[in-house]
Amino acid sequence: ELAMAGYRARFAAGGAEALAAMEEETPSLVLLDLLMDRPDGFEVLARMRANPKWESVPVVVVTAKELAAEERARLEKSARRVIRKGEDLSQVVQEVLRTVGPRAAPMQERA
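The paragraphs below set out a description of the structure included in this document. (Residues numbered from 1 in each chain as written. Predicted model: local features only at pLDDT ≥ 70, side-chain atom pairs only at ≥ 80, totals over all residues. Heavy atoms only, no water.)

1. Comments concerning helix 4 (residues 90-100)
- Among the residues of helix 4, those classed as buried are V92, V93, E95, V96 and T99. Taken end-on, helix 4 shows its buried residues confined to a sector of 160°, consistent with a single buried face.
- If you follow the buried residues of helix 4, they end up packed against strand 1 (30-32), strand 2 (59-63) and strand 3 (81-84). (Buried < 20%, exposed > 50% of the residue type's maximum accessible area, 1.4 Å probe, protein only. Helix = DSSP H or I, 4+ residues; strand = E, 2+ residues; numbered from the N terminus. Arc of directions from axis to C-beta. Contact = heavy atoms within 4.5 Å.)

2. Overview of the pattern of salt bridges
- Per the counting criterion, the structure on display carries 7 salt bridges.
- Notably, a salt bridge pairs E25 with R8, separated by 2.6 Å at the nearest N-O pair. One end of the pair, E25, is in the loop between helix 1 (15-24) and strand 1; the other, R8, is in the segment before helix 1, and 17 residues separate them in sequence.
- Overall, E25 belongs to the partly exposed group, its relative accessible area being 37%.
- You can call R8 partly exposed: its relative accessible area is 48%.
- The partner of R10 in a salt bridge is E24, with the nearest N and O atoms 2.8 Å apart. (Salt bridge = Lys/Arg side-chain N within 4 Å of Asp/Glu carboxyl O.)

3. Comments concerning unusual backbone geometry
- Here R38 and P39 are connected by a cis peptide whose omega angle stands at -15°.
- Within the fold, P39 resides in the loop between strand 1 and helix 2 (41-50).

4. Observations regarding the packing of helix 2 against helix 3 (residues 69-78)
- Viewed as axis vectors pointing N to C, helix 2 and helix 3 meet at an angle of 35°, and their least axial separation amounts to 11 Å. For the element pair helix 2 and helix 3, the recorded crossing hand is left-handed. Together, F42, L45 and R49 of helix 2 and E71, R74, L75 and S78 of helix 3 make up the contact between the two elements.
- In terms of residue class, the contact of helix 2 with helix 3 is made up of 3 nonpolar, 1 polar and 3 charged. (Axes fitted to C-alpha atoms, helices over the stretch in contact; angles between N-to-C directions. Left-handed = near helix turned anticlockwise from the far one by under 90°. Nonpolar A, V, L, I, M, F, W, Y, C, P; charged D, E, K, R; others polar.)

5. A look at the nonpolar core
- Membership of the largest hydrophobic core comes to 18 residues, with the highest contact counts inside it found for M48, V59 and L75.
- Among the elements of the structure, helix 1, strand 1, helix 2 and strand 2 are those that each provide at least two residues to this core.
- Each residue touching L75, except ones within four places of it in the same chain, is listed here: L34, F42, L45, V61, L67 and V82.
- By size, the runner-up hydrophobic cluster in this structure holds 7 residues, among which are L29, V60, I83 and V96. (Core = buried A, V, L, I, M, F, W, Y, C linked by side-chain atoms within 4.5 Å.)

Keep in mind these numbers describe shape, not what the thing actually does.
Spelled out as structure tokens, the structure:
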């Protein structure tokens with residue numbers, strides 16, 4: 001759905017890959033799973049907030065993890081929104097559109 005709205009998505013298999021990808025290109029927004037290979041999503045988010053290049057990048061957490069009250073409170077300070085996996089995916093799309101705005105025209109692939 002995001003591609004249809006004109007957004008380019010980049011996927012990372014784990015935290016180390018995500019951080020490396022952000023070094024190459026600072027994202028407009030990060031959809032972050034907490035349960036991933038090292039470092040986990042909590043650590044990725046902490047590193048983002050500690051890095052001046054990424055500290056203001058909006059983060060939407062999408063997770064299946066049952067969050068303890070302390071974890072939820074910590075995330076609410078650093079993430080724009082926390083969405084449970086299994087909820088309506090349109091919520092994720094709506095949050096992205098609210099955060100980075102709609103694209104004027106679909107992105108064109110470059111050769």
